Amino acid sequence: MNKVEAIIRPERLSIVVSALAEEGFHGLNVSHVTGRGEQRGIAYVGRAGQSYVVDMLPKVKLEIVVRDHDTQRVIDTIITAARTGEVGDGKIFVIPVANAIRVRTGENGDVAL
Ligand SMILES: Nc1ncnc2c1ncn2[C@@H]1O[C@H](COP(=O)(O)OP(=O)(O)OP(=O)(O)O)[C@@H](O)[C@H]1O
Ligand SMILES: [Mg+2]
């Protein structure tokens, strides 16, 4: 069992969530975060010539815990739906998960997902 943690562009959230649902993945967590990647935010010049640096950008973090054999399919689905080809498209981390327990029934393991 793995947790797929994907940091994506906020404007791609609904298309990524729909693409995951089409593949049968419904349970997930969404958090609004700020962060930065390799470019350390963005620098730009305003209309009056003043320069600005925004070093933390708004992103959305999706967390989806999936069976081992579904992990690659979830990753591929997120990449296809989230990619624009420009810098800042995001990043995906895969983290091993020891167990999952459904509170209502006490079921655990893959059946609890
Ligand atoms: N090493 C990291 N650890 C944790 N979060 C990260 C890391 N790198 C990026 N992030 C998060 O992912 C977001 C998007 O990163 P981003 O897509 O800019 O990555 P990048 O490595 O700079 O790739 P690119 O060159 O395509 O922009 C960041 O704003 C930050 O929230
Ligand atoms: Mg970047």
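Residues numbered from 1 in each chain as written. Chains lettered and ligands numbered in written order. Predicted model: local features only at pLDDT ≥ 70, side-chain atom pairs only at ≥ 80, totals over all residues. Heavy atoms only, no water.

**Quick look at the site of ligand 1**
Near ligand 1 there are 13 residues, and of these Glu38, Gln39, Gly88, Gly90 and Lys91 occur at the shortest range. Within the backbone of Gly35, one N or O atom sits 3.3 Å away from an oxygen atom of ligand 1. At a separation of 2.9 Å, an oxygen atom of ligand 1 approaches a polar side-chain atom of Gln39. Within the complex, 70% of the 610 Å² of free accessible area of ligand 1 lies under protein. The site holding ligand 1 turns out to be the largest pocket. (Near = heavy atom within 4 Å. Polar contact = N/O pair within 3.5 Å; in protein donor to acceptor, adjacent residues only side chain to side chain. Areas by Shrake-Rupley, 256 points an atom, 1.4 Å probe, with all protein chains shown as cover. 1 Å grid on protein atoms, 1.4 Å probe; cavity = no way out; pocket = protein on both sides within 12 Å on 5 of 7 lines; lining within 4 Å. Sits in = over half its atoms within 2 Å of the grid points.)

**Here's the deal with helix H1 (residues 13–22)**
Three or more residues of H1 are buried, namely Leu13, Val16, Ala19 and Leu20. Angular distribution of buried residues about the axis of H1 spans 135 degrees; they occupy a single face of the element. Exposed and oriented more than 90 degrees from the buried face of H1 are Ser14 and Glu22. Of the surrounding secondary structure, the elements contacted by the buried residues of H1 are strand S1 (2–8), strand S2 (29–35), strand S5 (57–66) and helix H2 (71–82). Positive backbone phi, approximately 95 degrees, marks Gly24, located one or two places after H1. (Buried < 20%, exposed > 50% of the residue type's maximum accessible area, 1.4 Å probe, protein only. Helix = DSSP H or I, 4+ residues; strand = E, 2+ residues; numbered from the N terminus. Arc of directions from axis to C-beta. Contact = heavy atoms within 4.5 Å.)

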